[in-house]
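# Chains, contacts and geometry: an overview
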Amino acid sequence: MSQLPPLNGLRAFDVAGRLLNFRAAADELGVTQGAVAQQVRQLETYLGVPLFDRLPKGLAFTSAGRSYHVTIGAAFDALRRATDQLRPEPGKVLVSVTPTFAAKWLIPSLPDLSAKHPDIDLRIMATEKVSSFHSDGIDLAVRQGKPPFGASLNAHLLFRQEIIAVAAPSLVEKYALPAMSRAIASMPKVHDAHDLWPEFLGLLQVEDKGGRGLRLSQTSLAVDAAIFGQGVALVSRFLVATELEAKRLLQITPLTLSGEQDFYLLAKRQSKQNAAIDAVVTWFLERAEN
């Protein structure tokens, strides 16, 4: 396995390559111009190729130096980003949530967080993949599941799973609500990745007669489609609480689906208190109760 080049030389080359001037590089690195030039020469000797042409008023890349600097610069940028993610920043809290949770609950709730905690910098990682507290550097995560989630995590219940059927008023205006099972079977339906309609219709003891329906990859898109009258959607009640209150959506039947896959806020067990994280945890729990 080949050894790494001299790291001081790589650092000097990275900065000198960005500025194309040894003096300016020395100022940024806090060393002498001669030290930068010597470190670059040592790197060139190690590599066996010249990286710069020395000009009267600065530097110019050789062809080898230009391509090498692209790679070395990207490596140092990656190191800086990794360090920035790892280094604690006062007031910064990174939370991992699904795109649907972000769009339908968290983002509409953020004005309340900003008003109560203006010094907290909440950063949202909205992704369908399960983010890692260790490798992704997250502080909090909202997960749908069943405890325990791990000995190193604290789990706080946010919302019980309660799936309801919702539709736009325009879609169900010709039906008396709550809708009868046969009426629901005949309505167009919006499907998401959870594919809960077979189970829901099974509880109603009817077969789907509403056609193939619209199929979408995310629940947030299914909610939007329902709002625009594209069909009946099955969704967790808390995600559409605002739409129900504003009458943009109606719950068409009292029948609900429930289970053990509830929504939890997860936080690392901390040996030291972190005031910003603790404040965000408290805010999540209080907001979820409202």
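Residues numbered from 1 in each chain as written. Predicted model: local features only at pLDDT ≥ 70, side-chain atom pairs only at ≥ 80, totals over all residues. Heavy atoms only, no water.

## Brief notes about unusual backbone geometry
Cis geometry marks the peptide bond from P147 to P148, where omega comes out at 5°. Positionally, P148 belongs in the loop between β5 (140-145) and β6 (153-159). At the junction of L177 and P178, the peptide bond is cis and its omega measures out at 0° in the coordinates. Take P178: it is sitting in the loop between α6 (169-172) and α7 (181-186). Although it is not a glycine, Q205 sits at a positive phi angle of roughly 60°. The topology assignment puts Q205 in the loop between α8 (197-204) and β9 (214-215). Positive phi outside glycine occurs at K247, with the angle close to 65°. (Helix = DSSP H or I, 4+ residues; strand = E, 2+ residues; numbered from the N terminus.)

## Concerning the sheet that holds strand β13 (residues 262-268)
With mixed pairing, five strands are arranged side by side in an open sheet as β4-β3-β5-β13-β6. Looking at strand neighbours, the two that pair on one side only are β4 (121-126) and β6, the edges of this open sheet. Strand after strand, the sheet turns through a mean of 25° between neighbouring axes, direction not considered. Examined bridge by bridge, strand β3 (residues 92-97) and β4 share six bridges and lie parallel to one another. Each residue of the ladder has a partner; that of V97, found in β4, is A126. Contacts from helix α5 (residues 99-116) reach β3, β4, β5 and β6 within the one sheet, and its direction differs from that of β4 by about 170°. (Pairing = 2+ DSSP bridges. Axes fitted to C-alpha atoms, helices over the stretch in contact; angles between N-to-C directions. Contact = heavy atoms within 4.5 Å.)

## A few points about the pairing of strand β1 (residues 52-55)
Alignment of β1 against strand β2 (residues 58-61), held across four bridges, turns out to be antiparallel. Within β2, the position partnered with R54 by the bridge is L59. Taken together, β1 and the strand that follows it, β2, pair antiparallel across an intervening segment of two residues.

## Examining helix α9 (residues 219-227)
Those residues of α9 lying buried are T219, S220, A222, V223, A225 and A226. Of the surrounding elements, those touching the buried residues of α9 are α5, β7 (162-167), β8 (189-191), β9 and β10 (232-236). Once α9 ends, the next one or two residues include G229, with phi positive near 75°. (Buried < 20%, exposed > 50% of the residue type's maximum accessible area, 1.4 Å probe, protein only.)

Treat this as a map of the structure, not an account of what it does.
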